[in-house]
Amino acid sequence: MAMKVYYDLMSQPSRAVVMFLKVTKIPYQACPVALRKGEHMTAEFAKINPVKRVPVIDDGGFLLTESIAILKYLCTKHQLADHWYPSNLKQRARIDEYLEWQHLNTRMFASMVFRAKVIDPRMSGNPMDERKFDRFKGDLSKTLDAIEKVYLKDTAYLHSNNISIADILGICELMQPFAAGVDVTSGRPVVKAWMKRVKEALQPHFDDAHTFLYRVEDQFGIPSKSRL
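Residues numbered from 1 in each chain as written. Predicted model: local features only at pLDDT ≥ 70, side-chain atom pairs only at ≥ 80, totals over all residues. Heavy atoms only, no water.

## Description of the overall build of the protein chain
Our working definition: Labels follow the DSSP assignment, with helices taken as runs of H or I lasting at least four residues and strands as runs of E lasting at least two, numbered in each case from the N terminus. The rule is simple: take the accessible area with a 1.4 Å probe, protein chains only, and divide by the maximum for that residue type; under 20% is buried, over 50% is exposed, in between is partly exposed.
Looking only at helices and strands, the protein chain features ten helices and four strands. Secondary structure elements of the protein chain, listed N to C terminal, follow the sequence β-α-β-α-β-β-α-α-α-α-α-α-α-α. With the C-alpha coordinates aligned to their principal axes, the bounding extent of the protein chain is approximately 50 × 45 × 30 Å. Among the 228 residues that make up the protein chain, the fraction classed as buried is 49%.

## Observations concerning the side chain of T106
As a reminder of what qualifies: Residues adjacent in sequence count toward polar contacts only when both atoms are side-chain atoms; beyond that, a polar contact is any pair of N or O atoms within 3.5 Å, and within protein one must be able to donate a hydrogen and the other to accept it. Any pair of residues with heavy atoms lying within 4.5 Å of one another is described as a contacting pair.
Along the chain, the position of T106 falls in helix 5 (residues 106-124). Classification of T106 by relative accessible area gives buried; the value is 0%. There is a polar contact of 3.0 Å between the side chain of T106 and the side chain of Y98. Look past the residues within four positions of T106 in its chain and what remains in contact with it is Y98, W101, S111, T143, I147, G170, E173 and L174.

## A closer look at unusual backbone geometry
Note the cis peptide between V54 and P55, where omega equals 5°. Position of P55 among the secondary structure elements: in the loop between helix 2 (43-46) and strand 3 (56-59). P204 follows Q203 through a cis peptide bond whose omega is 0°. The phi angle at K25 is positive, at roughly 60°, despite the residue not being glycine. You will see that E66, though not glycine, has its phi angle at about 75°, which is positive. Along the chain, E66 falls in the loop between strand 4 (62-65) and helix 3 (67-77).

## Looking at the nonpolar core
Put simply, the rule is: To define a nonpolar core, start from buried Ala, Val, Leu, Ile, Met, Phe, Trp, Tyr and Cys residues and group those joined through side-chain atoms within 4.5 Å.
Judged by nonpolar contacts, the single largest core of 67 residues is most densely connected at F20, W194 and M195. Of all the elements, helix 7 (residues 165-175) adds the most residues to this core, at eight residues. Leave out the neighbours within four places in its chain, and M195 touches I171, L174, M175, F178, V184, T185 and L228. One finds Y6, C31, F45 and I48 within the second-largest nonpolar core, a separate group that totals seven residues.

## Examining the sheet that holds strand 3
To keep things clear, this is the line we draw: Any two strands between which DSSP finds at least two bridges are classified as paired. Axis lines are fitted through C-alpha atoms, for helices just across the contact stretch, and the angle between N-to-C directions can take any value from 0 to 180 degrees.
The mixed open sheet is built from four strands, whose spatial order is 2-1-3-4. Every interior strand has two partners, whereas the edge strands, strand 2 (28-32) and strand 4, have only one. Recorded for the sheet is a direction-independent mean angle of 20° between the axes of neighbouring strands. Where strand 1 (residues 3-7) meets strand 2, five bridges bridge the pair, whose relative direction is parallel. Bridge assignment links Y7 to a residue of strand 2, and that residue is P32. Strands in contact with helix 1 (residues 12-23) are strand 1 and strand 2; relative to strand 1, the strand with the most contacts, it is inclined by about 145°. Relative to strand 4, helix 3 is tilted by about 130°, and along the sheet it contacts strand 1, strand 3 and strand 4.

## Structural notes on the pattern of salt bridges
Note the threshold: Whenever a carboxyl oxygen of Asp or Glu lies within 4 Å of a side-chain nitrogen of Lys or Arg, that contact is scored as a salt bridge.
Counted by the stated rule, this structure contains eight salt bridges. One salt bridge connects D59 with K77, and the closest N-O pair in it is separated by 2.6 Å. Taken together, the residues span a long stretch of sequence, with D59 in strand 3 and K77 in helix 3 at a distance of 18 residues. A relative accessible area of 13% means that D59 is categorised as buried.

Structural data, given as structure tokens:
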């Protein structure tokens, strides 16, 4: 029986997991969960994930949540190409270093820029809070500085010269600000070149996974296809 994957492509971590499965050709049964309809808040879904978040995998009864844990599990179980999650202790530690850092940096601030511009006004019915939006943009700018000066300082990919799970997670998060009218590549040739490399490596699955986000970009933000 194929592994079940519960996801919504509105979710950045969900997009990362789905793209990874497709790129690595791991068979799975798609189980979409419509966040906009509140399907993740139902009692039925709570049996799958009590925290009521996506993505989740059900691998023959083994339920696993959290995208990073899922990606590491898949790399190990399927003995995938070593570049995805290196077996070398020091190389793996470098990938883990980014994955630990990104929670309160890339993920947090890219998400909050999008939330302040797109989600909060729609949910509250009030105009966007300009001060909050500008504050998160400033935090995101500092995060991008670190990505350029630390994680892409001497390598083509995040702490590596080959694509890894860190790059898939990273680019999914940094696509989100485009839908809020923030071009994360503006004035940042290093970030732009990295994002183009990752996007090309993941095609055609990258565009498929970002179809919804592209529609949001057209409505609220900057079309990323013209930038990457």
